[in-house]
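In case you want the letters, here they are:
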Amino acid sequence: LLTRVRGIEIIIGRNRVSRNLSSSWTMIGFVTGVYGSRFQSILSQTSKHRAAFLAKNTRCRTIHKTLIIPKMTEVGTEPPKDPHQDTIFGKIARKEIPANIVYEDNLCLAFRDISPQAPTHILVIPKEPISQLSKADESKHTMLLGHLLIAANKAAAIDGLDKTGFRVVINDGKHGCQSVYHLHLHVIGGRQLGWPPG
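Residues numbered from 1 in each chain as written. Predicted model: local features only at pLDDT ≥ 70, side-chain atom pairs only at ≥ 80, totals over all residues. Heavy atoms only, no water.

Here's the deal with the overall build of the protein chain
Working step 1: Of regular secondary structure, the protein chain possesses four helices and nine strands.
Working step 2: When the helices and strands of the protein chain are read in sequence order from the N terminus, they spell out β-β-α-β-β-α-β-β-β-α-α-β-β.
Working step 3: Across the 198 residues in the protein chain, those meeting the buried criterion constitute 38%.
Working step 4: A separation threshold of at least 6 residues defines the contact pool for the protein chain, and within that pool the share at least 24 residues apart is 51%. (Helix = DSSP H or I, 4+ residues; strand = E, 2+ residues; numbered from the N terminus. Buried < 20%, exposed > 50% of the residue type's maximum accessible area, 1.4 Å probe, protein only. Contact = heavy atoms within 4.5 Å.)

Structure follows, in structure tokens:
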């Protein structure tokens, strides 16, 4: 998420990322990907630019020379009125935009989340656009849903998680913290996970 910072201490959530107290700012580039574009690109060469950035992003604040940015997590949104509405994942499935793909077959593909919540965080999506799990059709999608779990297992094995353990998560709807309405499985691991989630 972070390129280089000078003259400021950066904290994302509770994690201190970088500290180098020299006199000037350089470019900070944040990409939140599927979670929005609040921090897409920040040029902060002067205090004026920094103030303008903070004015647009009220969830951030400065304390002396510390910029505090909340840790990026998926935030649930209302489902679209049209369940067939195109999404960023649909574009990834069609190879219209790039992604770090780790596994692909004729039914699905898996790629690394650009805002990982663990050392390994892979998203598995069907190539057929299904907006959410609760919209899946039992008569049409039973085999596909099972296939997605097999693909999740293969994606986890790429990072050796089949030997240590991992978690598969499906968010459904606003209360389930779904933000992209193209069915996707989160494959999370590489550290000890806590329980209960959420």
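Let's talk about the packing of aromatic side chains
Working step 1: A full pass over the atoms with the stated rule returns one aromatic pair.
Working step 2: Ring plane angle 75° and centroid distance 5.6 Å describe the contact between F89 and F111, whose orientation is recorded as edge-to-face. Taken as a pair, F89 in helix α2 (residues 88–93) and F111 in strand β6 (residues 108–112) lie far apart in primary sequence, 22 residues in all. In this pair, the class of F89 matches that of F111, namely buried. (Phe/Tyr/Trp six-rings, centres within 6.5 Å; stacked < 30°, edge-to-face > 60°.)

A look at the sheet that holds strand β9 (residues 185–189)
Working step 1: With antiparallel pairing, the five strands of this open sheet are ordered in space as β5-β6-β7-β9-β8. Strands at the two margins of the open sheet, each flanked by one partner only, are β5 (101–104) and β8 (166–169). For this sheet, the mean angle separating the axes of adjacent strands, direction not counted, is 20°. (Pairing = 2+ DSSP bridges. Axes fitted to C-alpha atoms, helices over the stretch in contact; angles between N-to-C directions.)

Remarks on unusual backbone geometry
Working step 1: Here the residue pair W195 and P196 is connected by a cis peptide bond, since its omega of 0° sits within 30 degrees of zero.
Working step 2: Positionally, P196 belongs in the segment after β9.
Working step 3: The phi dihedral of K95 is positive, around 65°, even though this residue is not glycine.
Working step 4: We note that C177 has phi near 65°; this positive angle belongs to a residue other than glycine.
Working step 5: As for its position among the elements, C177 is in the loop between β8 and β9.
Working step 6: On the basis of relative accessible area, C177 is assigned to the partly exposed category, the value being 34%.

The values are spatial; any link to function lies outside them.
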